Every structure is written in structure tokens, then in C-alpha cells.
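What the coordinates show
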Amino acid sequence: MVLLTRKAEFSSAHYYWNDAWSPEENARVFGKCANRNGHGHNYTLEVTVAGEVDPVSGFVVDLKQLKEILEREVVSVYDHRHLNLEVPEFAARIPTTENIAIAIWQRLNGKIPNAKLHRVRVYEMPDLFADYYGEQQ
Amino acid sequence: MTPASPNPPAAPALSQSAVRPRAYLSRRYHLSASHRLHTDAFTAEQNQAAYGKCNNPHGHGHNYIVEVTFAGPVSASTGMVCDLADLDSFARKNLLDRFDRMNLNTLAAFRNRVPTTENFTVEIAYIFAQFSAAQLTRVRIEETDNNSFEYSTPHAALTKG
């Protein structure tokens, strides 16, 4: 079993807001992230897949194919978009770094041929990132 | 920014499923400190042999990067493992105010221990284990771009014995 990691980048806008709360409660919990005009980040996505090395190709997965999957499933949907307003999974889920990692897992899980999704890591900035390993017991 | 208090009221409208997914949140903090690797248990020659240039009597310093990782269920109402402002406020008080721009050898934590980055990593694990909003799972310190040290914490909260 070998782990292989591919990076991708996307730049998106978001804000943090819970409709069940008053504006004051949103401001108290989310601080400046609750600004409804939104703000943005350059996100870095790291997707790690696990699989056996193919004896003929020497690959776990074809990196070009993995890049195309990330582009199709994630980057083309998230890049230069407003996550709250334009990406369906965040219509009713706050686009925190944690939830973005979970959403990307759900988008990619089962779509990578010959390998298992192992970890999704999303950097909101170099000093803040979230990891998701799927549903764990 | 004023840190928000924990446990805001839950918002059922945003819940994703019956089981809240568990995620890991990592935050990196930067601090600069000096140290000297030296133990009285060794002779001068043994200290030199063990620690080399790190045994320079006047010390030297590093720009340390402290990376802490917390695990927990993602709150249905906030989308977070823990409130980042609370964590930053905890780190300001318990990490940066105590260690940044300090000589590690002069601090109580290293009175009887050599301030290697291994020992620094374990000390920082004791500190962040006290942050109660999420479970500390790992501390990683980059001493330089080329050296890093990791300590994965047991499931039970660390207590200083």
C-alpha cells in the first residue's frame, strides 16, 4: 500500500453565517468572518489516495487522471466562485475549512479508479488547515 | 477580535446527519527563542560530543513553527471543530506570551530538562492538552526548514505527573 498526494489550488469567496441565529449572535460567534459581503482565500487542496503499485505501470494512480478528476469535481466548481452563493453543498452548510474538507471528500469518494481516498486536507492559509479521513468509528 | 464563548446554541436546520463527522483542525504558530543544549550530567567533552555547535555557551536561536492538531466532531451550528478565536487566545496566553522572544534555558519548564526540540514538543503537548474545546492529537514543531519533531498524544488528556 502506497499513499500518493496531489495538490490543487482554488480561490473562492465565503462568509460564515447561521440563519438560525440573530445578526448579533452571528457576529459574536464568527467575528469578522460574518461580514455578509464575504471575503476570500487562496485555498490549497491536498488529496491523498491509497493503493497498490501497479506492477506494469509502476503507478498507484495515473497522476494526470487524478489531476483531471480534481479539476472536474472540485476546482471547476469552487475556483473563483462564492462558496455560499454558488456551490450547492454550502447553501445549508457553513463553508468553514472543516466543512470544505468534508464536502470535497464527498465529491471525490468512490471516483478515483484503483485507489481509495485516504485523506483530504484543505489549507485556508498556510497556518490553518483541516483534515478529513471519512467517517470514523 | 473578542473570542466567542463556546457552545453557542445549536441550529437544527444546519445539521448534516445524525452522526456529526469528525475532522482534524491544525493551526500553526510562529515563535522565536534561543536555547543552548547542555546537561550537567555530562563533562564538557561529552556535551561537545553530544551537542556540537548547539553546546555553544552563549546559546543560539531559531524561528520555531509550532503546529497543533485537534480532533473533534464538526459542530452542526458553527461548522467548526473548535472556535479559532478561542484557540488563538489560548495560544497567545499559554504559548506565545511564555516562549516567544525568550531564552528557553531560563524557563521553569527546562530547569531540569535540556531544551531540545523533542522536549519542547512534549512540553507544548502538556500545554495544549489543557485547551478543553477539542482533543489535542498531535504537536509538531519545525525548528528549521529541515528539522521537525512530532509528538502524537494519547487519547486520554495529558496530565503532568
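One structure accompanies this document, and this report is about it. (Residues numbered from 1 in each chain as written. Chains lettered and ligands numbered in written order. Predicted model: local features only at pLDDT ≥ 70, side-chain atom pairs only at ≥ 80, totals over all residues.)

1. What to know about the overall build of chain B
A count of helices and strands for chain B gives 3 helices and 5 strands. Listing each helix as α and each strand as β along chain B from the N terminus yields β-α-β-α-β-α-β-β. Counting all 161 residues of chain B, 26% fall into the buried class. Across chain B, contacts joining residues at least 24 apart in sequence account for 74% of those joining residues at least 6 apart. (Helix = DSSP H or I, 4+ residues; strand = E, 2+ residues; numbered from the N terminus. Buried ≥ 20, exposed ≤ 12 C-beta atoms within 10 Å, placed from the backbone. Contact = placed C-beta atoms within 7 Å.)

2. Some remarks on the interface of chain B and chain A
How large an interface is tends to be reported as the accessible area lost when its parts come together. With 22 residues of chain B in contact, the opposing surface of chain A contributes 25 residues. A per-element tally of the side of chain B that touches chain A places strand β1 (residues 22-35) of chain B first, with 7 residues. Here the residues of the side of chain B that touches chain A are counted per class, giving 14 nonpolar, 5 polar and 3 charged. (Nonpolar A, V, L, I, M, F, W, Y, C, P; charged D, E, K, R; others polar.)

3. Details of helix α3 (residues 117-128) of chain B
Residues and elements named next belong to chain B. When the terminal C-alpha atoms of α3 are compared, their 16 Å separation across 12 residues agrees well with the 16 Å that a helix rising 1.5 Å per residue should span. Residues of α3 that are buried: T117, F120, E123, I124, I127 and F128. In an axial view of α3, the angular spread of the buried residues amounts to 130°, which keeps them on one side of the axis. Against the buried residues of α3 lie β2 (60-73), α2 (84-99), β4 (135-142) and β5 (148-152). (Expected span 1.5 Å × (residues − 1). Arc of directions from axis to C-beta.)

4. Observations concerning the nonpolar core
In terms of nonpolar packing, the biggest core is built from 53 residues, with A:A101, A:I104, A:V122, A:A130, B:A23, B:F70 and B:V81 touching the most fellow members. Among residues more than four places away in sequence, those in contact with B:F70 are B:Y24, B:L25, B:V81, B:C82, B:A134, B:Q135, B:L136 and B:T137. Core analysis: the second largest hydrophobic core is formed by 6 residues, A:Y16, A:W17, A:V29 and A:I94 among them. (Core = buried A, V, L, I, M, F, W, Y, C linked by C-beta atoms within 7 Å.)

5. What about unusual backbone geometry?
Even without being glycine, A:H80 reaches a positive phi, approximately 55°. Within the secondary structure, A:H80 is located in the loop between α2 (63-78) and β3 (81-82). The backbone phi angle of B:R101 is positive, close to 60°, even though this residue is not glycine. Tracing the sequence through the fold places B:R101 in the loop between α2 and β3 (102-103).

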